[in-house]
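Secondary and tertiary structure notes
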Amino acid sequence: VVTLAMTKPYYAGDLNMTSVGDHCVLAAELHGNTAAVLGLDFDPAGDYLASCSGDGTIRLWYSKDFVAEDHKYHAITVPSDYAGFIKINSDSRTLVTVCHWSQTVRTYNIDCGAGGTVLEASVVHDMPNAHGAR
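Structure report, in brief. In this text, all values refer to a predicted model and were calculated from it rather than measured experimentally. (Residues numbered from 1 in each chain as written. Predicted model: local features only at pLDDT ≥ 70, side-chain atom pairs only at ≥ 80, totals over all residues. Heavy atoms only, no water.)

Side note on the overall build of the protein chain
When you go through the protein chain residue by residue, the secondary structure sums to 0 helices and 12 strands. Counting helices and strands in the order they occur from the N terminus, the protein chain gives β-β-β-β-β-β-β-β-β-β-β-β. The proportion of buried residues among the 134 residues of the protein chain is 41%. Of the contacts formed within the protein chain by residues at least 6 apart in sequence, a portion of 38% connects residues at least 24 apart. Accessible surface for the protein chain amounts to roughly 7,300 Å². Of this, 52% is attributable to carbon and sulfur atoms. (Helix = DSSP H or I, 4+ residues; strand = E, 2+ residues; numbered from the N terminus. Buried < 20%, exposed > 50% of the residue type's maximum accessible area, 1.4 Å probe, protein only. Contact = heavy atoms within 4.5 Å. Areas by Shrake-Rupley, 256 points an atom, 1.4 Å probe, with all protein chains shown as cover.)

Examining the pattern of salt bridges
For side chains bearing opposite charge, pairing can occur when the charged atoms are close. Using the criterion set out here, one finds 2 salt bridges in the structure. In this structure, the salt-bridge partner of D41 is K87, at a minimum N-O distance of 3.7 Å. Placement of D41 in strand β5 (residues 37-42) and of K87 in strand β9 (residues 83-88) is noted, with a sequence separation of 46 residues between them. (Salt bridge = Lys/Arg side-chain N within 4 Å of Asp/Glu carboxyl O.)

Side note on the pairing of strand β8 (residues 73-77)
Residues H74 and I76 point to one face of β8 and are all buried, whereas Y73, A75 and T77, pointing to the other face, are not buried. Summarising the sheet, strand β7 (residues 57-62) and β8 pair through 5 bridges and their orientation is antiparallel. For L60, the partnering residue across the bridge sits in β8 and is H74. (Pairing = 2+ DSSP bridges.)

Comments concerning the pairing of β7
For β7, the tally of buried residues reaches 6 of 6 residues, placing the bulk of the element in the interior. By the alternation rule, side chains of β7 split into T57, R59 and W61 and I58, L60 and Y62, which are all buried. Both strand β6 (residues 48-53) and β7 contribute to a ladder of 5 bridges, which runs antiparallel. For A50, the partnering residue across the bridge sits in β7 and is L60.

Remarks on unusual backbone geometry
If you check the backbone angles, S80 has positive phi at about 55 degrees while not being a glycine. If you trace the backbone, S80 turns up in the loop between β8 and β9. Under the relative-accessibility criterion, S80 is labelled exposed at 78%. The phi dihedral of Q103 is positive, around 55 degrees, even though this residue is not glycine. Residue placement: Q103 occurs in the loop between β10 (94-99) and β11 (105-112).

A few points about the side chain of S92
Here S92 lies in the loop between β9 and β10. Side-chain polar atoms of S92 contact the side chain of D43, separated by 2.8 Å. The contacts of S92, once residues within four sequence positions are left out, are D43, P44 and I110. (Polar contact = N/O pair within 3.5 Å; in protein donor to acceptor, adjacent residues only side chain to side chain.)

As for the packing of aromatic side chains
Applying the stated criterion to the full structure yields 3 aromatic pairs. For the ring pair W61 and Y73, a centre distance of 4.8 Å and an interplane angle of 55 degrees mean the geometry is tilted. Of this pair, W61 sits in strand β7 while Y73 sits in strand β8; the two residues are 12 residues apart in sequence, bridging distant segments of the chain. W61 sits in the buried class, given a relative accessible area of 0%. Looking at Y73, the relative accessible area reads 37%, which means it is partly exposed. Between Y82 and W101 the ring centres are 6.3 Å apart and the planes differ by 90 degrees, which places this aromatic pair in the edge-to-face class. Residue Y82 is located in the loop between β8 and β9, and its partner W101 is located in the loop between β10 and β11; the two are separated by 19 residues in the primary sequence. (Phe/Tyr/Trp six-rings, centres within 6.5 Å; stacked < 30°, edge-to-face > 60°.)

The following block contains the structure:
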């Protein structure tokens, strides 16, 4: 479960969350990961949240769905490993991860359809441990 709580004003597209006094406001509770969430990153425009988990998955969440009860995501399986770090590039079309066991830096292309739905995320390149992924 990824729980997004904001302590300061946050704006992401049409999503506007603010704190009330010293109290956090629950923005969303995202269900899908079945192990600890190890990394989170919003794309620069605030349209997507990427999460990586010890369950061997990467999930791409569309932030406009945060206000709905049903939070849709696109899941990517990391074969025989899991990502311990995740970052969405400034172009919002490239995802960079570091696989835990192999210490491989892996990049994915993100293909989105109209309305922001993630259609596909495919591996573009693996850079093995020889490149110093730590």
